[in-house]
Amino acid sequence: MSPLLDVSDDVRAEIGDEEADRLLAGENAPGSYDCTSCRTPGNPGQERTSTVLFVGGETAVLAFAHASCIPSQVVSVSEEQLQGAVRSITGQTAVPAPAAPVSPASPAAAAGNAGETGQAVLGVTCGQILLGNDLHPAIVVEPTGPIARPGSTGPGDDFLPLLIEAGFLPVTNVATEPSLLPGWSVLIAMGQLHAVLQGNPAGGQPSAWWQAHQPLTLTDGWRASANQRHTVLVYAAPAGSIGQQPREDLLRDALEKAAAGGTLVAAAMPLAGT
Ligand SMILES: [Zn+2]
């Protein structure tokens, strides 16, 4: 019986038609694997499985994930991370490195509506937020400096207006759960935060609004609640309003201060592919 494997066009383009067809025919597919996203066992003979190609500077590794966790895709990582991943992924298949160089993930460029004009990059902090009696996985995005509107040369900070135009809503009360922002999602792979993906209003593939230069390691608790809820709360505030907070209670305090000052926006996003 053929395995229930998804091979996206991007993955196919990287590994080649021959390898993709061999996988789909079951010649080169694993009997079982540990999902690169949630790390629990999967079996392509019994459940839909995504092929996930991790591409480093020199090598690439094909790994597998539950299709319900993440869609089939190509994930760019540093060569160092890839070597670390090779040691931790089971059921991987080594494939030749793609001929075309893969551009490194850049946080500034990935900011899309933020990059280009300024030097600011988006800092991201992960933590869990208590809403009512429930812990929710959250990420807090704060640029290192003002974000200018593309094409604008003024000194102003357009970070919040740009996000509100994209569908984020101002937060007046941190205890209220943010509403879902259609089209956006959060990409977690190999237990790490890789990107915040922005829907494409014209249809087609989402693009990275923020992409980790180095994927962020997530705590077990954060991953557990993300896997349980399949939704991540994404908060954003302009440069200088949150800062690096070493503890979740301090992060919460900083969010409440930003909300009180009218400088906090938020949206809820599903995990990518769900
Ligand atoms: Zn999974």
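As a reminder, the structure under discussion sits directly above these lines.
In this text, all values refer to a predicted model and were calculated from it rather than measured experimentally.

Rules used throughout
- Residues numbered from 1 in each chain as written.
- Predicted model: local features only at pLDDT ≥ 70, side-chain atom pairs only at ≥ 80, totals over all residues.
- Heavy atoms only, no water.
- Phe/Tyr/Trp six-rings, centres within 6.5 Å; stacked < 30°, edge-to-face > 60°.
- Helix = DSSP H or I, 4+ residues; strand = E, 2+ residues; numbered from the N terminus.
- Buried < 20%, exposed > 50% of the residue type's maximum accessible area, 1.4 Å probe, protein only.
- Pairing = 2+ DSSP bridges.
- Contact = heavy atoms within 4.5 Å.
- Axes fitted to C-alpha atoms, helices over the stretch in contact; angles between N-to-C directions.
- Salt bridge = Lys/Arg side-chain N within 4 Å of Asp/Glu carboxyl O.

S.K.: Before we go on, may I ask you to explain the packing of aromatic side chains in this structure?
M.R.: The tally for this structure, following the rule as stated, stands at four aromatic pairs. When the centroid spacing of 6.0 Å and the interplanar angle of 40° are considered together, the rings of tyrosine 33 and phenylalanine 64 count as tilted. In this pair, tyrosine 33 sits in strand β2 (residues 33–34) while phenylalanine 64 sits in strand β5 (residues 60–66), placing the two residues 31 residues apart along the sequence. Both residues of the pair, tyrosine 33 and phenylalanine 64, count as buried. Centre to centre, the rings of phenylalanine 168 and tryptophan 209 are 6.3 Å apart; their planes meet at 40°, and the pair counts as tilted. Placement of the pair is phenylalanine 168 in the loop between α5 (159–166) and β10 (169–170) and tryptophan 209 in strand β13 (residues 207–217), with a sequence separation of 41 residues. Under the relative-accessibility criterion, tryptophan 209 is labelled buried at 0%.

S.K.: What is the right way to read the sheet that holds β10 from this model?
M.R.: The strands that make up a sheet pair up through hydrogen bonds in the backbone, lying either parallel or antiparallel. Within the open sheet, the five strands sit side by side as β8-β9-β14-β15-β10. Their pairing is mixed. The sheet is open, and its two edges are formed by β8 (122–131) and β10, each paired on a single side. Its contacts with the sheet put helix α7 (residues 248–260) on β8, β9 (134–143) and β14 (231–236), and the angle it makes with β8 is roughly 100°.

S.K.: Please explain the sheet that holds strand β12 (residues 192–198) as it appears in this structure.
M.R.: Pairing is antiparallel across the open sheet formed by three strands, whose spatial order is β11-β12-β13. Sheet topology places β11 (185–189) and β13 at the edges, where each strand pairs with a single neighbour. The mean angle between the axes of side-by-side strands here comes to 15°, regardless of whether they run parallel or antiparallel.

S.K.: What is the right way to look at the pattern of salt bridges in this model?
M.R.: Opposite charge on two side chains permits pairing when their charged atoms draw close. On inspection of all chains with the given rule, the structure shows nine salt bridges. Here glutamate 165 makes a salt bridge to arginine 149, at a shortest N to O gap of 3.0 Å. Highlighted residues: glutamate 165 in helix α5 and arginine 149 in the loop between β9 and α5, separated in sequence by 16 residues. Judged by relative accessible area, which is 55%, glutamate 165 ranks as exposed. Judged by relative accessible area, arginine 149 falls into the partly exposed class, the value being 28%.

S.K.: What am I meant to see in the side chain of serine 8 here?
M.R.: The topology assignment puts serine 8 in the loop between β1 (5–6) and α1 (9–15). For serine 8, a relative accessible area of 18% corresponds to the buried category.

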